[in-house]
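Fold and contact review
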Amino acid sequence: MLKSLNISNAAVARNVSIDFDDGFTVITGETGSGKSVMIDCLEIISGAKSSKDIVRSGESKAEVSAVFEFHGEKENSLDNLGAPCDENGEMLVYRSVSADGRGSIKINGKSTTLSQLKEVGAVMLGVNTQDEKNFLTDKREYTAILDSFASNGELLEAYKIKFGELCEAENALKNLRYDLREKNMLVDILSYQIKEIDAAKLTSDDEEERLLKLKTKIKSAERTAKSCKIIYKALSQNEKGYSAAYLLERASAALSQISDIVPNAEDMIRRLDEYRYDIVDIAETVKDALESDIDGDPAAMLDRIESRLSTIDKLKRKYGADIAEIKMFRDESRAKLKKLLDSEEAIEELEEKVESLRNKASSASEELSSSRRNAAKVLSEEIISTLRYLDMPKVRFFIEVRADREDGNYKFTSDGADLIDFKISVNPGEEPQSLSKVASGGEMSRVMLALRSSMNKKSGADTVVFDEIDAGVSGGTSERIGLLLKELSESVQVICITHSPQIASLADHHYLIQKSNVGGRAESSVSLLGDEERVAEIARIIGGINVTDKQRAAAKEMLMQSRAVGATEFEDKKL
């Protein structure tokens with residue numbers, strides 16, 4: 001249950017702290033006193049989206065914290081959600097909202113995400129606001145409501161797996177089913193592209209670079225050849241025999257004749273020989289470089305190189321920035337062509353797979369539908385019983401579950417293949433119509449209460465909050481709503497914000513929200529009322545500004561009667 005709630009700098013709630021007890025609690029107060037702020041804070045602490053507008057003017061952030069106590073199965077559920085309670089079975093939930101829109105969330109002092117808080121919030125707190133009645137006008141919510149009541153989590157998950165596999169296979173089949181003309185056209189295009197690239201016989205990725213270098217070399221071949229000949233003749237051999245190597249050889253021979261006269265002659269002879277060897281090596285290297293790449297007529301070689309470079313350039317314009325990309329394009333095109341050529345066989349295989357998966361999805365869907373139909377019958381009967389007790393004696397209500405089909409086949413969605421509608425008739429002689437179209441505000445409030453009552457009995461949060469559930473109903477009906485809330489509080493903690501004296505008088509605990517002026521600013525405060533204070537507050541709700549003795553007496557009588565309501569009162573009155 002919710003043990004305490006602390007609010008700091010949230011609109012008019014500058015510093016509000018409330019300690020709650022189990023059973024049935026009501027909160028009353030004049031319009032604008034801060035009740036809606038409390039509802040907003042309870043929604044925030046249970047995982048709703050927050051807005052910086054809640055931050056009190058002039059403050060940097062709003063803070064909300066709540067202490068919950070859990071035992072047994074719910075404590076185990078929280079463990080499974082990764083949010084364990086402390087050793088006392090308690091959980092502290094903290095949330096802040098900054099004026100710049102940022103915020104933080106902590107569970108037992110550990111930072112967490114909004115998505116995890118939503119999961120935890122579904123276990124610890126159910127907040128039913130005036131706006132929430134709108135969800136009953138949206139048929140898309142009906143499936144989730146019924147599945148929750150039926151505890152269809154495992155069946156729904158099993159179906160979703162089959163549905164996902166079916167969707168994947170159907171998409172694959174759709175992609176393979178090319179129009180025959182488009183398929184043949186694409187086959188022709190891919191075949192031409194592959195043939196064109198293969199005809200070029202591309203091998204080395206650096207071929208273009210090597211051809212460009214050779215082209216440059218050939219274009220300067222005449223100048224290069226002339227220079228090479230000069231170098232070779234000057235260094236190694238020429239017709240007159242006066243090359244550098246020849247002269248060095250002559251000098252070495254002459255020096256050897258006078259080696260006995262010239263100091264260090266042998267060392268100098270050795271050095272001259274080394275110079276001659278190096279010079280001859282340079283000459284030969286230059287000669288080899290001239291002859292290695294250029295083999296034959298340079299003009300013919302240039303024509304062949306230009307033609308090859310033109311072929312490569314043409315392929316680059318079509319298929320890639322370089323030879324490596326062209327070859328990659330060819331490989332990808334081959335894979336696509338193979339896939340297209342094999343598509344007919346693949347289509348047949350996929351068609352068989354889709355049919356098999358459709359049968360499996362149908363079986364899972366039918367199992368889910370059966371569970372929904374059984375749950376719909378039980379839930380409908382419970383809602384009818386509660387609505388009749390809540391002054392709707394002629395009401396007819398049922399939950400319609402029917403298969404959604406097209407051409408005899410199920411129309412699968414992520415939630416199954418059922419069309420679910422909540423149908424109601426409140427007056428004799430009228431055929432039931434969709435709840436989303438015909439229910440008034442007061443009727444919708446009672447339907448929502450009946451639904452929430454059944455849902456929480458089945459499986460729901462341990463603390464349930466109702467915001468003005470009595471809106472749009474008469475005093476007699478309000479009393480019955482109060483009795484229903486009283487009965488519900490025997491299994492869960494119930495907190496109700498109300499303007500109804502009948503409901504307020506039936507509560508186990510009564511809090512009053514008041515707004516006052518503190519230092520020129522409006523501030524809300526919350527106090528637990530004693531017996532005399534409850535009489536005064538209920539009399540105020542009955543009479544308004546000027547409370548009479550009769551109204552005080554009526555309030556006192558309401559409280560006395562409410563204390564006489566036993567555990568079986570609700571069932572007795574319902575019967």
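Scroll up to find the structure.
Residues numbered from 1 in each chain as written. Predicted model: local features only at pLDDT ≥ 70, side-chain atom pairs only at ≥ 80, totals over all residues. Heavy atoms only, no water.

**As for the overall build of the chain**
Helix and strand content of the chain: 20 helices and 17 strands. Along the three orthogonal principal directions, the C-alpha set of the chain runs to about 150 × 70 × 40 Å. In the chain, the 81 positive side-chain charges and the 102 negative ones have mean positions that sit 4 Å from each other. (Helix = DSSP H or I, 4+ residues; strand = E, 2+ residues; numbered from the N terminus. Lys, Arg positive; Asp, Glu negative; His and termini not counted. Charge placed at Lys NZ, Arg CZ, Asp CG, Glu CD.)

**Concerning the sheet that holds strand 6 (residues 103–107)**
One open sheet accounts for six strands, arranged 2-1-4-5-6-7; its pairing is antiparallel. One side of each edge strand has no neighbouring strand; the edge strands of this open sheet are strand 2 (13–19) and strand 7 (110–111). With nine bridges joining them, strand 4 (residues 61–69) and strand 5 (residues 90–98) adopt antiparallel strand pairing. The partner of glutamate 63 across the bridge, within strand 5, is serine 96. The strands touched by helix 3 (residues 114–124) are strand 4, strand 5 and strand 6; relative to strand 5, the strand with the most contacts, the crossing angle is about 135°. (Pairing = 2+ DSSP bridges. Contact = heavy atoms within 4.5 Å. Axes fitted to C-alpha atoms, helices over the stretch in contact; angles between N-to-C directions.)

**Notes on the environment of serine 524**
By secondary structure assignment, the location of serine 524 is in strand 17 (residues 521–528). By relative accessible area, which is 8% here, serine 524 ends up buried. Each C-alpha atom of the pair serine 524 and phenylalanine 398 lies 44 Å from the other, and the pair is 126 residues apart in sequence. Looking at serine 524, its side chain comes within polar contact range of the main-chain oxygen of serine 33, at 2.4 Å. (Buried < 20%, exposed > 50% of the residue type's maximum accessible area, 1.4 Å probe, protein only. Polar contact = N/O pair within 3.5 Å; in protein donor to acceptor, adjacent residues only side chain to side chain.)

**What to know about the pattern of salt bridges**
What the rule picks out here adds up to 28 salt bridges. Here lysine 139 and aspartate 421 are joined by a salt bridge, their closest N and O atoms 3.5 Å apart. Placement of lysine 139 in the loop between strand 8 (126–128) and helix 4 (142–150) and of aspartate 421 in strand 12 (residues 418–425) is noted, with a sequence separation of 282 residues between them. (Salt bridge = Lys/Arg side-chain N within 4 Å of Asp/Glu carboxyl O.)

**Remarks on the sheet that holds strand 13 (residues 433–434)**
A sheet is described by the order of its strands in space; here three strands give the open sequence 9-12-13, paired in antiparallel fashion. Of all strands in the sheet, those with a lone pairing partner are strand 9 (396–403) and strand 13, marking the two edges. Sheet analysis places strand 9 next to strand 12, joined by eight bridges and oriented antiparallel. When the sheet's bridge partners are listed, valine 401 is paired in strand 12 with isoleucine 420. Taken strand by strand, helix 13 (residues 343–389) contacts strand 9 and strand 12, and its axis lies near 170° from that of strand 9.

**A closer look at helix 7 (residues 207–219)**
An α-helical turn contains 3.6 residues, so any two residues separated by three or four positions project in the same direction. Relative to the 18 Å expected for 13 residues at 1.5 Å per residue, helix 7 spans 18 Å between its end C-alpha atoms, a close match to the ideal helical length. Looking at helix 7, one finds that the buried residues are Glu207, Glu208, Leu211, Leu214, Lys215 and Ile218. When helix 7 is viewed along its axis, its buried side chains cluster within an angular range of 125° and face the same direction. In this structure, helix 7 carries Lys213 and Thr216 as exposed residues pointing more than 90 degrees from its buried face. (Expected span 1.5 Å × (residues − 1). Arc of directions from axis to C-beta.)

**Points about the pairing of strand 4**
Here strand 1 (residues 2–10) runs beside strand 4; their pairing, made up of six bridges, is antiparallel. In the strand pairing of strand 4, isoleucine 7 is matched with valine 64.

**Some points on the state of the cysteines**
Counted under the stated rule, the structure contains zero disulfides. Summary of cysteine pairing: cysteine 496 is not part of a disulfide, and the nearest cysteine sulfur, belonging to cysteine 41, is at 18 Å. Judged by relative accessible area, which is 0%, cysteine 496 ranks as buried. (Disulfide = S-S within 2.5 Å.)

**Structural notes on a nonpolar patch on the surface**
Nonpolar side chains collect at one region of the surface, where Met185, Leu186 and Ile189 lie side by side and expose about 250 Å² of accessible area between them. Mapped onto the secondary structure, leucine 186 falls in helix 6 (residues 180–199). Residue leucine 186 is classed as partly exposed on the basis of its relative accessible area, which comes to 32%. (Patch = residues over 30% accessible without salt bridge, like charges linked within 9 Å, V, L, I, M, F, W, Y side chains within 5 Å. Areas by Shrake-Rupley, 256 points an atom, 1.4 Å probe, with all protein chains shown as cover.)

**Focus: the packing of aromatic side chains**
Here a ring pair, both rings aromatic, is described through the centre-centre distance and the interplanar angle of the planes. Evaluation of the coordinates by the stated rule reveals eight aromatic pairs. Pairing tyrosine 142 with phenylalanine 422 gives two aromatic rings, centres 4.2 Å apart and planes at 5°, and the pair type is stacked. One end of the pair, tyrosine 142, is in helix 4; the other, phenylalanine 422, is in strand 12, and 280 residues separate them in sequence. With respect to burial, tyrosine 142 and phenylalanine 422 carry one shared label: buried. Measuring from ring centre to ring centre gives 5.8 Å for tyrosine 159 and phenylalanine 163, while their planes differ by 20°; the resulting arrangement is stacked. Of this pair, tyrosine 159 and phenylalanine 163 both sit in helix 5 (residues 153–176), four residues apart, which is roughly one turn of the helix. Look at tyrosine 159 and you get buried, because its relative accessible area is 0%. Within the aromatic cluster, the residues linked to one another by ring pairs are Tyr159, Phe163, Tyr410 and Phe412. (Phe/Tyr/Trp six-rings, centres within 6.5 Å; stacked < 30°, edge-to-face > 60°.)

**Some details on the nonpolar core**
Counting residues in each nonpolar core, the largest one holds 54 residues, and the members touching the most others are Phe24, Ile399, Phe422, Phe466, Ile469 and Leu485. With sequence-adjacent residues up to four places away left out, isoleucine 399 is seen in contact with Leu146, Ala376, Leu379, Ser380, Ile420, Asp421 and Phe422. Core analysis: the second largest hydrophobic core is formed by 43 residues, Ile44, Ala66, Leu78 and Val93 among them. (Core = buried A, V, L, I, M, F, W, Y, C linked by side-chain atoms within 4.5 Å.)

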